[in-house]
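Secondary and tertiary structure notes
These are the residues of each chain, in order.
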Amino acid sequence: MNCGEVLRHLGPYLDSECDREVTLAIAEHLERCGPCAERLAREKDLEDRLAGHLGACEPGDDLLWRRLEGAVTRSGRRRLLWRGAAAAVVLAFAVGGASLLLRSGASDLVRAACADHAKLSREKFSEPEEPLSWEAVSASLAGRIPFAVSIKGPSPEGITPVGARPCAFGDEPVAFLRCCLGGEPVSVAILPEAALGSFPEAAGEFARKGDAFSCGRGDLHVGLARRGGTLVCVTGLPSGEALREAARILAERVEVSR
Ligand SMILES: [Zn+2]
């Protein structure tokens, strides 16, 4: 791939919309082309700063969002608009190419989780957003994803669901929950372990690191845990350790059945 082609794909690449082959080709080009890498770094820097603002805003904080949009539009970068947050997070993982991915411990599953967290943290799930029972979570997902999600035993302490909806990481359907963890909003994705087949990098990390681990970049962290055929992925601003612990607790308590 040459500089012109990279430039042409830059928008979709930043938005994580390129297919795997193109993404790899761009990452390879960036490793050996200074000017393209610099250009991308500049984009990344702005989007990182945007993501910082967005991370601090409450769901539904439209005023802050409009201010950010205004700032972006003024600087002539219309492409970013509301997709900026998702792109920034994805880009943070993508910009350094494969070597950086390995060093930072990020994986394909983590990128999907971060992108969805950034995208969906802007949306309200219900009006008003109030704590849900786990029964209500199960009921609202029933029949909308190809597996049933339930919680066994008492509700996990300190993890309060406030929204649930079907979602997908790539082609894999996931039960997507918004929860409060110690007052912080986090995204929780629950999926059958069999779905790991679609995330070979994550599968490799589970093999190396064991059944629970966390990673992150910038302010956003992801905690992953798997147990008994279920995979739980918690994403948000709290520390990787806190998120890994939450994922571990949920993986212990959540039951997924087909
Ligand atoms: Zn180039």
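Within each chain, residue numbers correspond to sequence positions counted from 1 in written order. Per-residue local features of the predicted model are confined to residues with pLDDT of at least 70, and side-chain atom pairs are confined, for both listing and counting, to 80 or more; whole-chain, interface and lining totals are unaffected and use all residues. Side-chain measures here rest on the full set of heavy atoms in the structure, leaving out hydrogens and waters.

**Focus: the overall build of the chain**
The helix count covers DSSP runs of H or I at least four residues long, the strand count covers runs of E at least two residues long, and both are numbered beginning at the N terminus. Across its full length, the chain holds ten helices and eight strands. Burial analysis of the chain (258 residues in total) assigns 46% to the buried set. By the convention used here, residues are in contact when the closest approach between their heavy atoms is within 4.5 Å. Relative to all contacts within the chain whose residues are 6 or more apart in sequence, the contacts with residues 24 or more apart total 63%. Every accessible area reported is derived by Shrake-Rupley at a probe size of 1.4 Å, with residue values counting cover from the shown protein chains alone. Carbon and sulfur atoms form 51% of the exposed surface of the chain, whose accessible area is close to 12,300 Å². Throughout this description, buried means an accessible area under 20% of the type-specific maximum (1.4 Å probe, protein chains only), exposed means over 50%, and partly exposed covers the range between.

**A short note on helix 10 (residues 240-253)**
Here, expected helix span is obtained from the residue count minus one, scaled by 1.5 Å. Here helix 10 spans 20 Å end to end across 14 residues, near enough to the 20 Å set by a 1.5 Å rise per residue. For helix 10, the set of buried residues is G240, L243, A246, A247, L250, A251 and R253. For helix 10, the angular spread of the buried residues around the axis is 165 degrees, confining them to a single face. The directions from the helix axis to the C-beta atoms form the arc being described.

**Observations concerning the nonpolar core**
Take the buried residues of types Ala, Val, Leu, Ile, Met, Phe, Trp, Tyr and Cys, join any two whose side-chain atoms come within 4.5 Å, and each joined set is a nonpolar core. Core analysis: the largest hydrophobic core is formed by 25 residues, its most contacted members being L177, V188, V234 and L250. Breaking this core down by element, the ones donating at least two residues are helix 8 (134-141), strand 1 (148-151), strand 2 (159-169), strand 3 (172-181), strand 4 (184-192), strand 7 (230-236) and helix 10. Examining the composition of this core, we find that five residues originate from one element, helix 10, more than from any other. For L177, the contacting residues outside a window of four places in its chain are W134, V137, L141, G163, A164, V186, S187, V188 and I190. If you look at the next biggest cluster of nonpolar residues, it comprises 24 residues, including A112, F169, V174 and L231.

**Things to note about the packing of helix 7 (residues 108-120) against helix 9 (residues 200-209)**
Angular values range over 0 to 180 degrees, each being the angle between N-to-C directions of two axes fitted as lines to C-alpha atoms, with helices fitted over their stretch in contact. Viewed as axis vectors pointing N to C, helix 7 and helix 9 meet at an angle of 115 degrees, and their least axial separation amounts to 5 Å. Contact with helix 7, carried on its side by D108, L109 and R111, involves P200, E201 and A202 of helix 9 and no other residues of that element. Residues are grouped as follows: Ala, Val, Leu, Ile, Met, Phe, Trp, Tyr, Cys and Pro are nonpolar; Asp, Glu, Lys and Arg are charged; all remaining types, including Gly, are polar. For the contact of helix 7 with helix 9, the residue count by class is three nonpolar, no polar and three charged.

**With respect to the pattern of salt bridges**
The rule for a salt bridge is simple: a side-chain nitrogen of Lys or Arg has to be within 4 Å of a carboxyl oxygen of Asp or Glu. Counted by the stated rule, this structure contains six salt bridges. Of the charged contacts in the structure, one is a salt bridge between E252 and R248, with a shortest N-O distance of 3.1 Å. You can see E252 and its partner R248 sitting in helix 10, four residues apart, about one turn around the helix. Judged by its relative accessible area of 33%, E252 is partly exposed.

**Considering the coordination of the zinc ion**
Coordinating N, O and S atoms are those within 2.8 Å of the metal (3.2 Å for Na, K and Ca), and as water is not part of the atoms, a site may appear to have fewer donors than expected. The coordination sphere of the zinc ion, as far as protein atoms go, consists of C3 (SG), H29 (NE2), C33 (SG) and C36 (SG), spread over 2.0 to 2.3 Å. One chain supplies every donor to the zinc ion, and in sequence these donors are spaced C-x25-H-x3-C-x2-C. Placement of C3 in helix 1 (residues 3-14) and of C36 in helix 3 (residues 34-55) is noted, with a sequence separation of 33 residues between them. Accessibility expressed as a relative area gives 39% for C3, which makes it partly exposed. On the basis of relative accessible area, C36 is assigned to the buried category, the value being 9%.

**A short note on the environment of E28**
For E28, the position within the fold is in helix 2 (residues 20-32). When the C-alpha positions of E28 and M1 are compared, they lie 8.7 Å apart, and in sequence the two are 27 residues distant.

**Thoughts on the environment of V6**
Secondary-structure assignment places V6 in helix 1. What makes V6 buried here is its relative accessible area of 1%. Remark: the alpha-carbon pair of V6 and H29, spanning 23 residues in sequence, is separated by 7.8 Å. Not counting chain neighbours up to four residues away, the residues in contact with V6 comprise M1, I26, H29 and C36.

**Thoughts on the side chain of R253**
Relative to the assigned elements, R253 resides in helix 10. Charge assignment: positive for Lys and Arg, negative for Asp and Glu; neither His nor the chain ends contribute. One buried charge, R253, has no salt-bridge partner; the nearest side chain with opposite charge is E252, at 6.1 Å. Leaving out residues up to four positions away in the same chain, R253 has contacts with S150, I151, K152, G153, P154, S155 and P156.

**Description of helix 2**
In this model helix 2 runs 19 Å from its N-terminal to its C-terminal C-alpha over 13 residues, within 8% of the 18 Å that 1.5 Å per residue would give. Taken together, the buried positions of helix 2 are V22, I26, A27, H29 and L30. The buried residues of helix 2 occupy one face: seen down the axis, they fall within an arc of 160 degrees. Across helix 2 from its buried face, at more than 90 degrees, point the exposed residues R20, E21, E28, E31 and R32.

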